[in-house]
Structure formats: structure tokens, C-alpha cells
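Results of the structural survey
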Amino acid sequence: MKNALHFKRLSSDDPCLQITWNGKPLDAVAGETVAACLLANSVLAFQGEDLSDPPRGPFCMMGACYTCRVLVNGVEQQACMVEVKQDMHVSCVDPEKEILHAGS
Ligand code: FES
């Protein structure tokens, strides 16, 4: 997606943790939210991909809109409200419908 470059981390934020998104390893920075981590790794849509369920990603980044829902270690949560932890397993709520990565 064209706007993927809008979500870069600050240069001083060195990734030091690893999480997985739908089984793929991603670098994460301690203290960032799951939503911020996914965006920094060019994951723009967290849910949906077909016409009846268009792709959705985080909108408010403050827990109000629920467009960032993901499974964190098997539990549905708002990605913008959960801080990354080492070896956290994050996936879309319906893994059959989603995976939009920039450049894919
Ligand atoms: S982005 Fe709105 S609730 Fe997470």
C-alpha cells in the first residue's frame, strides 16, 4: 500500500522484541502497542478483505473505534490498547480473511 511509509518508527526506537503476526515474526519495540508495532511492520489492515467485509485497520488509536481488534495469544483484544511483550502471538480475528501487507 502506498501509505505504508507513513508509519515508520523514530530512528531512536530500536526493535528489541519479537512477536508474531499470523505466524510471521515481526520486530517490536518495548513500550509500543500491538497496533503501533503492526503499522511499523507495514501491516495496515487487521481485519477483513472481501467486499462484504472491507479491510480495516486502526483508526482512533485510543480504544474507541474497535477497528483494531486482533487475537493476542488467542484472546480478542484491541491492538491499540495492548503493549507488546516478547513472544506475543498476534493474529487477525478471522485468519481466513485477512493479511494485507504493504508491497504484497
Ligand atoms: S484503533 Fe480504535 S479502538 Fe483501537
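As a reminder, the structure under discussion sits directly above these lines.
Residues numbered from 1 in each chain as written. Predicted model: local features only at pLDDT ≥ 70, side-chain atom pairs only at ≥ 80, totals over all residues.

**So, the overall build of the protein chain**
Put simply, the test is: Segments assigned H or I by DSSP are reported as helices when at least four residues long, segments assigned E as strands when at least two residues long, and all are numbered from the N terminus. Residues are called buried when their C-beta atom has 20 or more other C-beta atoms within 10 Å, exposed when it has 12 or fewer, and partly exposed otherwise; all C-beta atoms are positioned from the backbone. Note on contacts: each residue gets a C-beta atom placed from the backbone, and two residues are in contact if those atoms are within 7 Å.
The helix and strand tally for the protein chain stands at one helix and seven strands. Classification of the 104 residues of the protein chain by burial places 27% in the buried group. Partitioning the intrachain contacts of the protein chain with sequence separation of at least 6 by distance along the chain shows that 48% fall at a separation of at least 24.

**Thoughts on the pairing of strand 4 (residues 69-72)**
Note the cut-off: A pair of strands is treated as paired once DSSP finds two or more bridges between them.
Pairing of strand 4 with strand 5 (residues 75-78) involves four bridges; the strand directions are antiparallel. Bridge assignment links L71 to a residue of strand 5, and that residue is E76. Two elements, strand 4 and strand 6 (residues 89-91), share two bridges in a ladder whose sense is antiparallel. Across the sheet, residue L71 finds its bridge partner in strand 6, namely S91.

**Looking at the pairing of strand 1 (residues 17-21)**
Summarising the sheet, strand 1 and strand 2 (residues 24-28) pair through five bridges and their orientation is antiparallel. Across the sheet, the residue bridging to L17 is A28, located in strand 2. Two successive antiparallel strands, strand 1 and strand 2, enclose a turn made up of two residues, where N22 displays a positive phi of approximately 45°. Across two bridges, strand 1 lies against strand 6 in parallel orientation. Following the sheet pairing, W21 is matched in strand 6 by V90.

**Regarding unusual backbone geometry**
For S42, which is not glycine, the phi dihedral falls at a positive 65°. Mapped onto the fold, S42 is located in the loop between helix 1 (34-40) and strand 3 (43-45). Residue N73 is not a glycine yet carries a positive backbone phi of 50°. Tracing the sequence through the fold places N73 in the loop between strand 4 and strand 5. We classify N73 as exposed; it has 12 C-beta atoms within 10 Å.

**Describing the nonpolar core**
For the record, the criterion: Any nonpolar core is a set of buried residues, restricted to Ala, Val, Leu, Ile, Met, Phe, Trp, Tyr and Cys, that join up through C-beta atoms within 7 Å.
Among the nonpolar cores identified, the biggest contains 21 residues, and V34, A35, C37, L38 and A79 are the most heavily contacted of them. Of all the elements in the fold, those that place two or more residues in this core are strand 1, strand 2, helix 1 and strand 3. No other element matches the seven residues that helix 1 contributes to this core. Not counting residues within four places of it along the chain, the set of residues in contact with C37 comprises I19, L26, A28, E32 and V84.

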